[in-house]
Amino acid sequence: MTLYGAGQDFDEVKRRFCDAGCLKANWLPLSAERDAAPRGNWVPVETPDGRQWSYRGELVFTFAGDAAPGETRGERFSAGIGLSGFHALRQKSLIPESF
């Protein structure tokens, strides 16, 4: 599963490019357990939809259109609608093994 950062200004992403319906259909939050603790740059945050992981201040998601490990269709989806906020987190060493 490819993880995507949602950009530093997630409210702007939602307002301009991907409303609640778009998000729900395409971008799945990387959920954090209630007792999850920060791990370096990874910090669990409370959102209106529950507890979610963030990386360096960006909310983290998976893309519903990625069918196989390593796929990054979310980047093409984002580019296709002019959305610059979502980008694949490519450095495997950045992602804790437990995700």
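None of the values given here were measured: they were computed from a predicted structure. (Residues numbered from 1 in each chain as written. Predicted model: local features only at pLDDT ≥ 70, side-chain atom pairs only at ≥ 80, totals over all residues. Heavy atoms only, no water.)

Caption draft 1: Structural view of the overall build of the protein chain. Within the protein chain one finds three helices and six strands. Element order for the protein chain, N to C, with α for helix and β for strand: β-α-α-β-β-β-β-α-β. When each of the 99 residues of the protein chain is scored for burial, the buried share is 40%. For the protein chain, the proportion of contacts with a sequence separation of at least 24, taken over those separated by at least 6, is 60%. (Helix = DSSP H or I, 4+ residues; strand = E, 2+ residues; numbered from the N terminus. Buried < 20%, exposed > 50% of the residue type's maximum accessible area, 1.4 Å probe, protein only. Contact = heavy atoms within 4.5 Å.)

Caption draft 2: Representation of the side chain of Glu 58 within the structure. Along the chain, the position of Glu 58 falls in strand 5 (residues 58-63). Beyond its immediate stretch of four places on either side in the chain, Glu 58 contacts Gly 5, Ala 6, Gly 7, Gln 8, Trp 53 and His 87.

Caption draft 3: Region of interest: the side chain of Thr 62. Considering the arrangement of structural elements, one finds Thr 62 in strand 5. On the accessibility criterion, Thr 62 (12% relative accessible area) is buried. The contact partners of Thr 62, leaving out residues within four places of it in the chain, are Met 1, Thr 2, Leu 3, Tyr 4, Asn 26, Trp 27 and Leu 28.

Caption draft 4: Layout of the nonpolar core. Core analysis: the biggest nonpolar cluster contains 13 residues, and Tyr 4, Ala 6, Phe 10, Leu 23, Trp 27, Phe 61 and Phe 86 have the highest contact counts within it. Broken down by secondary-structure element, the contributors of at least two residues to this core are helix 1 (10-16), helix 2 (20-26) and strand 5. Residue contributions to this core peak at three residues, all from strand 5. (Core = buried A, V, L, I, M, F, W, Y, C linked by side-chain atoms within 4.5 Å.)

Caption draft 5: Region of interest: the pairing of strand 5. Counting buried positions along strand 5 gives six out of six residues, so the element sits mostly inside the fold. Here strand 5 shows two buried faces, one formed by Glu 58, Val 60 and Thr 62 and the other by Leu 59, Phe 61 and Phe 63. Of the pairings in the sheet, the one linking strand 1 (residues 4-5) to strand 5 comprises two bridges and is antiparallel in character. Bridge pairing in strand 5 places Tyr 4 opposite Phe 61. Bridge count for strand 2 (residues 27-29) against strand 5 is three bridges, and the pairing is antiparallel. Bridge assignment links Trp 27 to a residue of strand 5, and that residue is Phe 63. Strand direction decides the pairing type here: strand 4 (residues 50-55) and strand 5, joined by two bridges, are antiparallel. Its bridge partner lying in strand 5, Ser 54 is registered against Leu 59. Between the antiparallel neighbours strand 4 and strand 5 lie two residues, among them Arg 56 with a positive phi of about 50°. (Pairing = 2+ DSSP bridges.)

Caption draft 6: Up close: unusual backbone geometry. Located in the positive-phi region is Arg 56, a residue other than glycine, with phi close to 50°. Note on placement: Arg 56 falls in the loop between strand 4 and strand 5. Its relative accessible area of 52% is what places Arg 56 among the exposed residues.

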